[in-house]
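Each chain, written out:
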Amino acid sequence: MRHPTEGVLRRLVDEPAGVSDADRAHVATCPSCLRALDDARADAELVGAALTSAGTGTVDTDAAWARFSAAPATPASTPAFRPAPAAARNRWRTAVRRPAVAALGATVLLTGAGVAAANDWLPIFQAERVDPVQVTSADLVQIPDLSAYGDLQITREPEPEEVADAAAAQERTGLEVPEVGELPEGVTGDPTYQAAGLVEATFTFSADKAAQAAAAEGEVLPPSPAGLDGSTLRIQAGPGVAAMWAQPTGVPTLVVARVGAPTVASSGVPFETVRDHLLSLPGLPDGVAQQLRSLSADAGTLPLPVPAELVTSSTADVDGTEATVLTSRNGLFAGVVWVEDGVMTGVAGTLSADELLSVARGLR
Amino acid sequence: MSASATRGAVRPDLEAVFRQEYARVVGVAARVLGSRDQAEDVAQEVFLSFGRSAVPAGEAGGWLSVAAAHTALNLLRSGRRRSAREETVASTADVTTPDVADTVLTLEDRSRVRAALARLPAKQATALVLRHSGLSYAEVATALDLSPGSVGTTVRRAESALRKELNRHASSD
């Protein structure tokens, strides 16, 4: 068995319950891992001691609250906190971590963009679960293209590639390829492995561009909220790994994939402003807008556009997490997808939903 | 969504969240700055910002911790670091910490660690500080938008860099 990563050893120092039994068992009997574990523990203790300052146990919360409530709402000495127009405000302070970027998520997925959470950006959306949004092919044509309302720039390409094995995929992405416990009947042989990096894109709202796009469609654009023009969203998804089994003919029978779930960070405008504006744009079909609006009340839901004519969806439990099960109406293929701890895992193939669910539940 | 709407709005749960999270927020900032006074200033700023936000109550803890770490790191990197160092001396002088490791770390060491902390990539520094402030790996991952598996790696790299900084000086002394 391969050695656990330094990160795993580090976690073993102070959160051993988070480390898999296999890794723990390996470390217990591996002299070089035990040495590395000792080093990790010593560094952790040293740094912990160096960072510990005058104890925080003596904090006087009552006095602090008194000071806080007595302070003027907008102290002149800290201009960054003056509730100025959103665009002028300090970036991360106003970026509200408010998930549910439903409309944005849909349009972003459809345009193939995925956010760079640069260091100073607070995430405003983080996919915690997925929910299908039924769209017809007519809807798809109608959904406004995000790039009509600003500048969409892909800042990092995922550069997917085939890699030799699961270890190589993990090395490239930091994601462990889920191991299938028992292969369903008809799926045989060894899988091939794919790895892809992060996809990052930035989207900058442009009132001018939006007005032009609306005019071209003969529509009147709803008034743009203050501060939206020129503000930027960063969208990020990935990295991802996949293991794929195929028939000798090359037709895939089973794919098990794991990706970093999409996240969005905002440079200034609060998430609600973005969501409400996007949902009010002309051209968004009523049925889709309504589904997105109901999703957006639910924190962290990633809308998954599903072609209503071809696929039916339902939910099922995968080890305590609610998963979305998609089945093609012709019964030829199915998929199961769920999000846990910011990681999206999917199992799909030319199998029945029941077979895929047992694969999903048996993943290690 | 207008500016006047946000201006007057104060979260009804602000006091409850303040009382519950204040000590931890001060703890996060104090680890970065090494100064209780500055850490309390940072905490006040962070709660001001939180009071105007729509962060769901369930996510308040993580949001506040990240905000405290970012604000404190920015302060550490800014020109005000010299005064932070002076206060370190003052605040450690009148508090006796029972930690054994404290006795082997000089104030010089602590200053060096903070200087090195200021030079770390922001994500590494933040992950390190949050983890040492008692956030779980899952909480750090959620708060920083890291995959759960990479928190350990990120923290380990930061610790290794800081330890090297200490060793470098120890061997040259």
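No experiment lies behind these values; they were computed from the predicted model shown. (Residues numbered from 1 in each chain as written. Chains lettered and ligands numbered in written order. Predicted model: local features only at pLDDT ≥ 70, side-chain atom pairs only at ≥ 80, totals over all residues. Heavy atoms only, no water.)

Trainee: Let's hear about the sheet that holds strand β13 (residues 321–328) of chain A: which residues, and what values?
Mentor: All names here are of chain A. The strand order across the open sheet formed by eight strands is β4-β5-β8-β9-β15-β14-β13-β12, and the pairing between neighbours is antiparallel. Looking at which strands have only one partner, the edges of the open sheet turn out to be β4 (161–163) and β12 (311–318). Strand-to-strand, the axes of this sheet are offset by a mean angle of 20°, without reference to chain direction. Here eight bridges tie β12 to β13, and the two strands are oriented antiparallel to one another. Counted as the bridge partner of Val311 is Ser328 from β13. Packing of helix α8 (residues 166–173) onto the sheet brings it into contact with β4, β5 (192–196) and β8 (240–246), and relative to β5 it is tilted by some 5°. (Pairing = 2+ DSSP bridges. Helix = DSSP H or I, 4+ residues; strand = E, 2+ residues; numbered from the N terminus. Axes fitted to C-alpha atoms, helices over the stretch in contact; angles between N-to-C directions. Contact = heavy atoms within 4.5 Å.)

Trainee: Outline the packing of aromatic side chains, supporting the account with residue identities and numerical values.
Mentor: Counted according to the given criterion, the structure contains nine aromatic pairs over all chains. Measuring from centroid to centroid gives 4.6 Å for Phe18 of chain B and Phe47 of chain B, while their planes differ by 50°, and the two rings are tilted. Highlighted residues: Phe18 of chain B in helix α2 (residues 14–33) and Phe47 of chain B in helix α3 (residues 36–51), separated in sequence by 29 residues. In this pair, the class of Phe18 of chain B matches that of Phe47 of chain B, namely buried. Considering the side-chain rings of Phe50 of chain B and Trp63 of chain B, the 5.8 Å spacing of their centres and the 55° angle between planes classify their relative orientation as tilted. Of this pair, Phe50 of chain B sits in helix α3 while Trp63 of chain B sits in helix α4 (residues 60–77); the two residues are 13 residues apart in sequence, bridging distant segments of the chain. For Trp63 of chain B, a relative accessible area of 4% translates into the label buried. An aromatic cluster is defined as three or more aromatic residues linked by ring pairs; in this entry it consists of Trp65 and Phe68 of chain A together with Phe18, Tyr22 and Phe47 of chain B. (Phe/Tyr/Trp six-rings, centres within 6.5 Å; stacked < 30°, edge-to-face > 60°. Buried < 20%, exposed > 50% of the residue type's maximum accessible area, 1.4 Å probe, protein only.)

Trainee: Provide a residue-level description of unusual backbone geometry, including the pertinent values.
Mentor: Peptide bonds are, in most cases, trans, and in most cases residues other than glycine have a negative phi. Look at Asp319 of chain A: it is not a glycine, yet its phi comes out positive at around 50°. As for its placement among the helices and strands, Asp319 of chain A is situated in the loop between β12 and β13. Although it is not a glycine, Asp145 of chain B sits at a positive phi angle of roughly 65°. Looking at where Asp145 of chain B falls in the secondary structure, it is placed in the loop between α8 (137–144) and α9 (148–172).

Trainee: I'd like a rundown of the state of the cysteines, residues and numbers included.
Mentor: Applying the stated criterion to the full structure yields zero disulfides over all chains. Distance from the sulfur of Cys30 of chain A, which forms no disulfide, to the nearest cysteine sulfur (Cys33 of chain A) is 3.6 Å. (Disulfide = S-S within 2.5 Å.)

Trainee: Before we move on, could you go through a negative patch on the surface and cite the residues and values that matter?
Mentor: Residues and elements named next belong to chain A. A cluster of like negative charges, contributed by Asp317, Asp319, Glu340 and Asp341, occupies part of the molecular surface. Following the sequence through the fold, Asp317 ends up in strand β12. A relative accessible area of 43% means that Asp317 is categorised as partly exposed. (Patch = residues over 30% accessible without salt bridge, like charges linked within 9 Å, V, L, I, M, F, W, Y side chains within 5 Å. Areas by Shrake-Rupley, 256 points an atom, 1.4 Å probe, with all protein chains shown as cover. Salt bridge = Lys/Arg side-chain N within 4 Å of Asp/Glu carboxyl O. Lys, Arg positive; Asp, Glu negative; His and termini not counted. Charge placed at Lys NZ, Arg CZ, Asp CG, Glu CD.)

Trainee: So what's going on with the environment of Pro191 of chain A? Which residues, and what values?
Mentor: All names here are of chain A. Mapped onto the elements, Pro191 comes out in the loop between α8 and β5. Among the residues examined, Pro191 registers a relative accessible area of 16% and is labelled buried. Sequence separation between Pro191 and Ala246 is 55 residues; the distance between their C-alpha atoms is 7.4 Å. Once residues within four sequence positions are removed from consideration, Pro191 is found in contact with Ala243, Met244 and Trp245.

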